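Each chain, letter by letter, is given below.
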Amino acid sequence: MNLLSRETSPYLLQHSDNPVDWFPWSEEAIEKAKQESKPILLSIGYSSCHWCHVMAHESFEDLETSKLMNKFFVNIKLDREERPDLDKIYQVSYQLLTNQAGGWPLTVFINPDTLQPFFIGTYFPKVSRYGLPSFKEVLGGVYHYFNENREKIQEDGLAVKKSLVKMEEFSDIKSKEPDHGLVLSLFTNLQEYFDPEDGGFGSAPKFPPTHKIDFLIKLLSDQKVGQKDKNLAFLMADSSLKIMADRGLYDHLEGGFFRYSVDQKWEIPHFEKMLYDNAQLIRLYALMYKISNNPHYKEVVLSVAGWMTNKMLSDQNLFYSAIDADTDQEEGGTYVWSEDEIEQLLDPNEYLILRQHFGLDQATNFENSFHLQIKRKLADVAKEQQLSLETATQLKQAALKKLLQAREMRAQPEVDTKLLTGINALTISGLSACAIALDDEELKSTALECMNSLLLLNYRDDVLYTQPTYASNEVEGFLDDYAFTINAIMYTLELRWSTEYLMTALRLASRMIEQFYDSKNGGFYFSSKAHQGLFHQSKNFYDDATPSGNAVAAKVLLRLGFLTGKLDFIDIAEQMLKTVNTHMKSRLDATTSLNSVVVEYLQPIDVVILRGFKSDLELWQSKTRKLLKRRTICYAIPESESDLPEGLSSKIFEGVTVAYICHGFSCSKPINDFKNYQEYLTDSSARAQ
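Values in this document were obtained by computation on a predicted structure and should not be read as measured data.

This part covers the nonpolar core. Membership of the largest hydrophobic core comes to 164 residues, with the highest contact counts inside it found for Phe135, Phe257, Tyr285, Met512 and Phe524. Per-element accounting of this core gives the leading share, 12 residues, to helix H11 (residues 275-292). Counting 23 residues, the second largest nonpolar core, distinct from the first, contains Ala33, Ile76, Tyr94 and Leu164.

As C-alpha cells, this is what we get:
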C-alpha cells in the first residue's frame, strides 16, 4: 500500500495498492522532488473516468512501468474533483502547449522548483499505438530532457505562465455596458449550430447542452425578442430535451442521464453518470414542463429525481458525485442486453411491446448487444397491436420493472462517494426548481434536508469547505462552491423562508468577494487567497460541464442586491459584465451562462414578496406558481420573521396578507386583496405569452 491508502477519495483509493509510490498532492511530495532534483509526475483523473482506468490497468499496475516511475519521478495522483483549481491550471496549460482540447487522465510533468509544467499529455498506452508513444518511452524521454534542458524548461514554464495571465487579462479592453445585441448574437450563433434532425448543437461527441437550453428558455420571457424568434427558441430547447430523453443518453430503466453521446444521434452514451449533469437537466425539464405541459417531461423529472434519491443519496443527506462508466473493466457492461435475455425475462405481451417500442427487431446497436432507446412511439405500437394506450403503458412499465430487477442482480459500477459542496449545491437548486414547477412536497423535502446537511457538514466557522470535515482533503471551497451554494440558498428560500439562511447567503457572498474578487480588473478568481501551491491564480469566465462560477456569482449578487438593497453587490456584478462584454463577443459558445446573466441584468426578474400568516401565504404562493408560467421568484415571508435586512424590512405585514411585486429596485403598490392579486397574476401571465 502506498500513501494514497490514507485518503478518502474513492479515486485515490483505487490506486492505493499500485506498485507506484504515489503521493497525494502535498508539500511533502513537492519538497521531496526539490531535494532529490526529480521532476514531478502528476496524474489527474476521477473515479468514473474510463480512460483513467485503462491507463491504470496498463501502466500503474505494471511492475516494469512502476519501477521507472519510482526511480525517475516523484509521483502524485490527484482527484480533479478534490482540487479543481490545479486541474484547471494544468488543463489550460495542456491546451496552450498542444493546441488541443484537454481531458482525463491528464499526465503532467512538472518542474518542482516552479510547479510549472514542461511536458503534458493525456492518456498514454502501454505499448505504442493510436499514434501515441508508449508510456515507458515517454518516461525515459522526459527524464532525460529534464536533466539536460533545465534552462529551457525554466524559460518554457515562464512562457506558459505569461500566456495564462494574458488569456485572462481584460484590463486593456475598454469596459462597455452589456447590451441586447450580445444576446441576439448568441441566439444567432445557436441557430447556426443547432441540429434540426437530432437536437442539440454541433456534431459528435454530443454533451447535454444545458447552458444553451437554459439560455433559450430565458429568451421565452425576453421582452425584446419577437414571437417568431421565441417560437424558434422554444423549438430548439424542446426538441433537444425530447430527443435526449427518448434515446440512449437516458437510462430508460432506472432514470438518470449518462455523461454524453459518442454519436450524433444521442444513441450510444459514454456510460458514466454524473450528478452535476442530472442536477442541471432536471431543472430544465421541470421548467419546460411548466411552459409546455408535456407530461413526459414530468415523468423524466420524477424518474431522475428517484434515481438520485435511491442511488446517490448518502446517509448524511448529501449526494454522491458520480457512477462509473465501467463494470469489471467493461464499459457499459451493466446496462446492455441481448434480445434473448429480454425475451426470457418478459411475458409475451410485454416483450412484443418492448420489441417494437425499443427497436429490438432491428440490428444491435452496441457491440452485438442492445442499449435501450425509444425507436417507435408507444401510441403507434399500441395502435398496431390493437391495444389501448393505457394497456400498452401498463405492459411497458411492468416490463421495465422486471428488466431493472434483473439488472440489479448484475455486477454494478463503482460509485464515487465524495460529498462535494458545489455539486450538491447544483443538485439542491435543481430539486428546488422541480419542487416549485411540479408543486411536489417530496422533492421540496429532499431539497431542504440536503440544504440543511450541506450547511451543517461543509460550512464551518463562516468558511465553506469542499467536503465534510472527515474527508482527508479538507480544502476551503473554490469560487464555484461559494457561488453555487448561495444560488442554492436562494432557491430554498422560495420553498421555505428562513431569515437565518438569507443571512448565511449574505455572509457567504461577503466572503466570496473578500477572498476571490479582483478589485483591480473585475471578476472573480477561481481560487481564493487561502489556496496555496498554485503557480498561477486562474480566472475563468467560460462554461464547462457546470456553469461558469463568475456567471453564477454575478447572478446571485444581482439577486441578493435587489432583494436586500445591497448596492455594492450590484456594482460588482455590473462591473464584471462590463469588463467581459467585449471578450464575450469573441467566445459566444463558451460564455452562454454569462449571456444568460446579461438577459437578467437588462430585464430583472419579477420578484413577488408575500407577507402574512403561514396558512394564507401557502395559498397565495401556490396561486402565483400556477398562474405565472414564466420564471418569477416568489418569497413567502411569515409575519413572525423579524430582523430582516434593509431591503426587506420595509415590506411590512399589517394584519392582512400583502403582496409586493418588485422589478429591480422598483416595487408596485402593495396588493392586499386576494381577488385583485389573482387578476394581477392572470394579466401578467397573458402578457408573458
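The next subject is the state of the cysteines. One pass over the full model with this rule turns up 2 disulfides. Paired through a disulfide, cysteine 49 and cysteine 52 show a sulfur-sulfur distance of 2.3 Å. Judged by the torsion about the S-S bond (80°), the cysteine 49/cysteine 52 disulfide is right-handed. Neither residue differs from the other here; cysteine 49 and cysteine 52 are each classed as buried. Sulfur-sulfur distance for the disulfide between cysteine 662 and cysteine 667 comes to 2.0 Å. The disulfide joining cysteine 662 to cysteine 667 has a torsion of about 100° about its S-S bond and is therefore right-handed. Judged by its relative accessible area of 5%, cysteine 662 is buried.

What follows deals with the sheet that holds strand E18 (residues 666-667). Taken in spatial order, the 4 strands of this open sheet run E16-E15-E17-E18, and their pairing is mixed. In this open sheet, the two edge strands, each paired with only one partner strand, are strand E16 (633-638) and E18. Strand direction decides the pairing type here: strand E15 (residues 606-612) and strand E17 (residues 658-663), joined by 6 bridges, are antiparallel. Directly across from valine 607, in E17, lies its bridge partner cysteine 662. Running over the sheet, helix H24 (residues 614-627) touches E15, E16 and E17 and is turned about 175° from E16.

Here the distance between the centres and the angle between the planes together describe a pair of aromatic rings. One pass over the full model with this rule turns up 31 aromatic pairs. For the ring pair phenylalanine 73 and tyrosine 143, a centre distance of 6.4 Å and an interplane angle of 75° mean the geometry is edge-to-face. In this pair, phenylalanine 73 sits in the loop between helix H4 (63-72) and strand E3 (74-79) while tyrosine 143 sits in helix H6 (residues 135-148), placing the two residues 70 residues apart along the sequence. Given the relative accessible area of 2%, phenylalanine 73 is considered buried. Aromatic ring contacts, followed pair by pair, group Phe72, Phe73, Phe109, Phe119 and Tyr143 into a single cluster. In this arrangement the basic side chain of lysine 88 is found over the ring face of phenylalanine 526, its NZ or CZ atom lying 4.9 Å from the centre. Taking the ring centre of phenylalanine 258 as reference, the NZ or CZ of lysine 273 above it sits at 5.4 Å.

Here is what the cut-offs are and how they apply
Within any chain, residue numbers begin from 1 and follow the written order of that chain's sequence. In keeping with the model being predicted, local features are shown solely for residues with a pLDDT of at least 70 and side-chain atom pairs are shown and tallied solely at 80 or more, while totals for entire chains, interfaces and linings include all residues. Note: side-chain values were computed over all heavy atoms of the structure, leaving out hydrogens and water. We define the nonpolar core as a collection of buried residues of types Ala, Val, Leu, Ile, Met, Phe, Trp, Tyr and Cys that are connected through side-chain atoms lying within 4.5 Å of one another. With a 1.4 Å probe rolled over the protein chains alone, any residue whose accessible area is under 20% of its type maximum counts as buried; one over 50% counts as exposed, and the rest are partly exposed. Strands are runs of DSSP state E lasting at least 2 residues, helices are runs of H or I lasting at least 4, and numbering of each runs from the N terminus. By convention in this document, the label disulfide applies to cysteine sulfur atom pairs within 2.5 Å. Here, any two strands with at least 2 DSSP bridges between them count as paired. Two residues form a contact once any of their heavy atoms are found within 4.5 Å. Interaxial angle, 0 to 180 degrees, is taken between N-to-C directions of lines fitted to C-alpha atoms, where a helix line uses only the stretch in contact. Whether two aromatic rings pair depends on their centres lying within 6.5 Å, for rings of Phe, Tyr and Trp, where Trp uses its six-membered ring; planes under 30 degrees apart make the pair stacked, over 60 edge-to-face, and the rest tilted. For a lysine, the NZ atom is tested; for an arginine, the CZ atom; a charge sits over a ring if that atom is within 6 Å of the ring centre and within 35 degrees of the ring normal.

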